[in-house]
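Below are the chains, spelled out letter by letter.
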Amino acid sequence: VVGDGDDNCIAVDVVSRGGAATAVAPSTDRRLQFWEAMVCGAVSRSTAQTIMHPANTMKTILQSKRAVPGKAPLTVKSFTQWKHAQKLTRGAGAQLLLSLPHGAVNFAVLEFVRRQMNSLVSRSRYADTINKNFGPGMDFLSSALSTICCSV
């Protein structure tokens, strides 16, 4: 048992943390409330989507087979010119607005699924073996289940 010398320690979820050996954390560690998980999911998803939007847009434009008659096709180098670089921001606002609720719901459902799976596994007589050998697999499974739930 690892601790900081403080008597106020609680066990940290093992399954949802990649199956590492059970650790002890200060009692100030707590699970996120449902609304906190939603806020965290909304912020993280919208930040990631907004940052990656220009690269995603460039990829889509470069994969497009459409060519404008009399003009050279766009290349990665052509996006260094301002008139083409502006195209990379088209739709970023809509992407941001759509990613906020999706990220919120997805992350909140993910945390719920992880807790439920951890509860099921911890009641099993094979809990130690599952945590030791299948922790990352359990993370993957909980992510897959939550993604399916949010996609339906």
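Source: prediction; values computed, not measured.

Q: When you look at a nonpolar patch on the surface in this model, what are you seeing that I'm missing?
A: Taken together, the side chains of Trp35, Val39 and Val43 make up a nonpolar region of the molecular surface, amounting to roughly 320 Å² of accessible area. Among the structural elements, tryptophan 35 can be located in helix α1 (residues 34-63). On the basis of relative accessibility, which here comes to 56%, the residue tryptophan 35 falls in the exposed class.

Q: Please explain the pattern of salt bridges as it appears in this structure.
A: Close approach of charged atoms allows side chains with opposite charge to pair. One pass over the structure, following the stated rule, counts three salt bridges. Its salt-bridge partner being arginine 114, residue glutamate 111 comes within 3.5 Å of it at the nearest N-O pair. Taken together, the positions of glutamate 111 and arginine 114, both in helix α3 (residues 92-122) and three residues apart, correspond to about one turn of that helix. Given a relative accessible area of 12%, glutamate 111 falls into the buried group. Of the residues examined, arginine 114 reaches a relative accessible area of 16% and is grouped as buried.

Q: I would appreciate a short explanation of the packing of α3 against helix α4 (residues 127-151) in the present structure.
A: Between two packed helices, both the angle of their axes relative to each other and the distance between the axes serve to describe the pair. Taken N-terminus to C-terminus, the directions of α3 and α4 make an angle of 145°; their axes are 9 Å apart at the nearest point. In the packing of α3 onto α4, the handedness of the crossing is right-handed. Class assignment for the residues of the contact of α3 with α4 results in 13 nonpolar, seven polar and two charged.

Q: What's the story with α3 in this structure? I'm lost.
A: Residues three or four positions apart in an α-helix share a direction because the helix packs 3.6 residues into each turn. A rise of 1.5 Å per residue sets the reference length of α3, with its 31 residues, at 45 Å; its end C-alpha atoms lie 43 Å apart and thus fit the reference within 8%. Serine 99 marks the point of greatest bend in α3, at about 25°, and the proline proline 101 comes within the next four residues. Taken as a whole, α3 has its buried residues at Ser99, Gly103, Ala104, Asn106, Ala108, Leu110, Glu111, Val113, Arg114, Met117, Asn118 and Val121. In this structure, the buried residues of α3 make contact with α1 and α4.

Q: I tried to follow the packing of α1 against α3 on my own but got confused; where do I start?
A: Relative orientation of the contacting elements α1 and α3 amounts to 140°, with a least axis distance of 6 Å. Taken together, the axes of α1 and α3 are oblique relative to one another. Here the hand of the crossing between α1 and α3 comes out right-handed. Along its contact with α1, which presents Phe34, Ala37, Met38, Cys40, Gly41, Ala42, Arg45, Ser46, Gln49, Thr50 and His53, the element α3 presents Ala92, Gln95, Leu96, Ser99, Leu100, His102, Gly103, Ala104, Val105, Phe107, Ala108 and Glu111. Counted by class, the contact of α1 with α3 contains twelve nonpolar, nine polar and two charged residues.

Parameters and conventions
Residues numbered from 1 in each chain as written. Predicted model: local features only at pLDDT ≥ 70, side-chain atom pairs only at ≥ 80, totals over all residues. Heavy atoms only, no water. Patch = residues over 30% accessible without salt bridge, like charges linked within 9 Å, V, L, I, M, F, W, Y side chains within 5 Å. Areas by Shrake-Rupley, 256 points an atom, 1.4 Å probe, with all protein chains shown as cover. Salt bridge = Lys/Arg side-chain N within 4 Å of Asp/Glu carboxyl O. Helix = DSSP H or I, 4+ residues; strand = E, 2+ residues; numbered from the N terminus. Buried < 20%, exposed > 50% of the residue type's maximum accessible area, 1.4 Å probe, protein only. Axes fitted to C-alpha atoms, helices over the stretch in contact; angles between N-to-C directions. Left-handed = near helix turned anticlockwise from the far one by under 90°. Nonpolar A, V, L, I, M, F, W, Y, C, P; charged D, E, K, R; others polar. Expected span 1.5 Å × (residues − 1). Bend = angle between axes of the 7 residues up to and from the residue. Contact = heavy atoms within 4.5 Å. Parallel < 35°, antiparallel > 145°, perpendicular 65-115°, else oblique.

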